[in-house]
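Listed below, chain by chain, are the residues.
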Amino acid sequence: MKPADDRRTELACSGGSLNPPINRITRALLLLIVLVAAGGVEADPAADLALEGGAVYTLDPGRPWAQAVAISQGRIVYVGDTKGLAAHVGPETRRIDLHGRMLLPGFHDSHIHLLAGGTRNDRCQLRGLAWPDAVLAALRSCAARLAEGQWLYGTDLDESVFAGRGPTRQSLDAIAGERPALVRDESGRLFWVNSAVLGTAGIDADTPEPPNGVIERDAITGEPTGVLRDAAVEPVWRLIPEPGPEQYRAALQRASAAANAVGITSIIDARVTPTMLDAYRRADAAGELSVRVLASQPIAPKDGRGRIDELISAASSLHGNRLSAGSAKIFVDGEFGQHTAALEASYQDRPGDRGTLRIEPAWLSETIRRLDAAGLQVHLHVMGDRAIRLALDAIEGAIQANGPRRRRHQLAHVALPGQENLARMAALGVVADFQMLWAQPDQEMRGAIGPLGEDRARELLPIRSAFESGVTVVGGSDWPSESIDPLAAIQVALTRRPLAGGGTAWIPEQRASLAEMLAAYTLNGARLAGREQLTGSIETGKAADLVVLERNLFEVDPMNLQQVRVLLTLLDGVPVYRDPAIAWP
Ligand SMILES: [Zn+2]
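Keep in mind it's a predicted model, so treat the numbers as computed, not measured.

Caption draft 1: Focus on the coordination of the zinc ion. Each protein donor to the zinc ion is listed here as His 111 (NE2), His 113 (NE2) and Asp 478 (OD); together their distances run 2.1 to 2.2 Å. With a relative accessible area of 17%, His 113 lands in the buried category. For Asp 478, a relative accessible area of 12% translates into the label buried.

Shown next, in the form of structure tokens:
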């Protein structure tokens, strides 16, 4: 090899030094380098970190399983057997013996509200409180800690605690006084507010009842009682002040830590406002982001045409390290429980009602065409089959108008697609982002069965059919409204049984396999986020975004998957979560 010959020439010319002993050492070292280079032994510097003796599930079809991985400067430099690892290990290499534990690519959550979810700690948590006195006491102690002008914001109150009535407007006035006070249930569609909030929102005895909403009123005076349901909460939602930069910074750290603890290394934040994008940008610039983030920025018809240009310029001007923003979020319809998911055929319990579109199809087509032309991806909230068909029509129109190119459009929730739409998704290359946790026979599922009817409800979440139709499937938690844990979601997708155990499988023929689900939560997620060259599988050259699990998932009863502990999460080879069971050398 030529470089080695050159070095040998230099060596020959460097004789006759004034300092023979050192010269001999230099010669010996140089000779060693020459021999190493000429002998074909790896001359790379030793790896920073070596993980060995594991069940390494790579997601690389060329080598699905391995035993060892070496990492240098955040990148994977070796994947293979233990023997081959030796060439990458030096005295400075940190070595971790996995003792047969499972090592796999870090998980991708393709639909999560990471930053918004992190701000929940700034609220007054009422979950689990079972007595009115306990709720009022909690609100009182939260109110005492608030800064000037801050809202008292109680969250996750169970409606049954106050026998359906909730804390009255008067009781909230007594606690909060002039300060705006709001208590909400977990769904965010039932509010109990005080007089200050009603006043600012302009809700009084003369306010007409909104369509699809209820303003509860005193039977005698007609004055609002402070209880607002469904669409009636909208004017109050808009008043709730957005957290400031410091609150967002703390929220992001909390939420990212929660994500890292369950093995998540990449996310798509499904609704990122301009203020939130700033918070992400600051965290990324400061090196504080412990997950890779694709920010999905919302756009709605009320925003006007200028908003599309804003989205495009925000996405193209962002040159983040772990942050990108090339995704636009659009709500196409609502949900089954409220009869707002858009269906092809009427709701069973409301003949003639096919649900509600939140956009005009013409607006959707035009908006997607423009976003697609600028290289952005769209992330569409779609539940019912009519919403899904219209979304696919709009995407198909954009493809025809803008011509072929690499695209990654995402249908989120995609609860009732129907076989025909699945075939179209496969043909158009549109990604299906399921919320696997919904596929269990629980309270929430029963809430959808009533409006849809038993027969149509059997078509919900056809995850197996999606894989078989050739659709690229990913998983999204929708945290904080559902569990953040990918293993819990994977368990439900494999079993379609209640997470809590017991019960029978719901539509068992739609169960997915473990290999399919691991692909959904790793490589498919990376593809959707446009990062498959960087992450999503364990291959040399890729970033060391990895997770170590206590056990090999392929050897665990599917009903026990959620019990498998995450022991170590690495991002760019650096631990972002570590269980004490893994000693860091
Ligand atoms: Zn969501």
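Having put the structure on the table, let's press on.
Caption draft 2: Seen up close, the environment of Gly 525. By secondary structure assignment, the location of Gly 525 is in helix 20 (residues 523–528). Assessed through its relative accessible area of 2%, Gly 525 is described here as buried. For the pair Gly 525 and Ser 110, spaced 415 residues apart in sequence, the C-alpha separation works out to 6.2 Å. Look past the residues within four positions of Gly 525 in its chain and what remains in contact with it is His 108, Ser 110, Val 474, Ala 519 and Ala 520.

Caption draft 3: Spatial organisation of the nonpolar core. Residues Leu 114, Tyr 280, Phe 336, Leu 380, Leu 411, Leu 460 and Met 517 are the most contacted members of the largest nonpolar core, which totals 110 residues. When sequence neighbours within four positions are dropped, the list of residues in contact with Leu 114 reads Leu 252, Ala 255, Ser 256, Ala 259, Ile 267, Asp 269, Tyr 280, Val 291 and Trp 479. Ranked by size, the runner-up nonpolar core spans 21 residues in total, among them Cys 124, Cys 142, Phe 162 and Ala 181.

Caption draft 4: Focus on the state of the cysteines. According to the stated counting rule, one finds one disulfide in the structure shown. Linked covalently through their sulfurs, Cys 124 and Cys 142 form a disulfide whose S-S length is 2.1 Å. Negative torsions about the S-S bond denote left-handed disulfides, and the value of about 80° found for Cys 124 with Cys 142 makes this one right-handed. Within this pair, whereas Cys 124 is found in strand 9 (residues 124–125), its partner Cys 142 is found in helix 5 (residues 132–144), the two being separated by 18 residues in sequence. For the pair Cys 124 and Cys 142, a shared accessibility class is recorded, and that class is buried.

Caption draft 5: Geometry of the packing of aromatic side chains. Inspection of the entire model under this criterion finds four aromatic pairs. For the ring pair Tyr 57 and Trp 65, a centre distance of 4.9 Å and an interplane angle of 55° mean the geometry is tilted. A relative accessible area of 10% means that Tyr 57 is categorised as buried. Exposure remark for Trp 65: the relative accessible area of 39% places this residue in the partly exposed category. Taking 5.5 Å as the distance between ring centres and 70° as the angle between the ring planes, the aromatic pair formed by Trp 65 and Phe 554 counts as edge-to-face. With Trp 65 in strand 3 (residues 65–66) and Phe 554 in the loop between strand 22 (546–549) and strand 23 (566–571), the pair connects residues that are 489 residues apart, well separated along the chain. For Phe 554, a relative accessible area of 36% puts it in the partly exposed group. Each member of the aromatic cluster is reached from another via a ring pair, and the members are Tyr 57, Trp 65 and Phe 554.

Conventions and cut-offs
- Numbering of residues begins from 1 in every chain and follows the order in which that chain's sequence is written.
- Thresholds applied to this predicted model are a pLDDT of at least 70 for local features of residues and 80 or more for the giving and counting of side-chain atom pairs; totals over whole chains, interfaces and linings are not thresholded and use all residues.
- Remark: hydrogens and water are excluded; side-chain values derive from all non-hydrogen atoms of the structure.
- Coordinating donors are taken to be N, O and S atoms lying within 2.8 Å of the metal, or within 3.2 Å when the metal is Na, K or Ca; because water is excluded from the atom set, some sites may appear incomplete.
- Each residue's exposure class comes from its accessible area (1.4 Å probe, protein chains only) as a fraction of the maximum for that residue type: buried when under 20%, exposed when over 50%, partly exposed otherwise.
- The way it works is that DSSP assigns letters per residue, a run of H or I at least four long becomes a helix, a run of E at least two long becomes a strand, and they are numbered from the N terminus.
- Contacts are assigned to residue pairs with any non-hydrogen atoms lying within 4.5 Å of each other.
- We call a set of buried residues a nonpolar core when its members are Ala, Val, Leu, Ile, Met, Phe, Trp, Tyr or Cys and they connect through side-chain atoms within 4.5 Å of each other.
- Cysteine sulfur pairs qualify as disulfides if the two atoms are within 2.5 Å.
- Two rings from Phe, Tyr or Trp (for Trp, the six-membered ring) form a pair when their centres are within 6.5 Å of each other. A pair whose planes differ by under 30 degrees is stacked, one over 60 is edge-to-face, and the rest are tilted.

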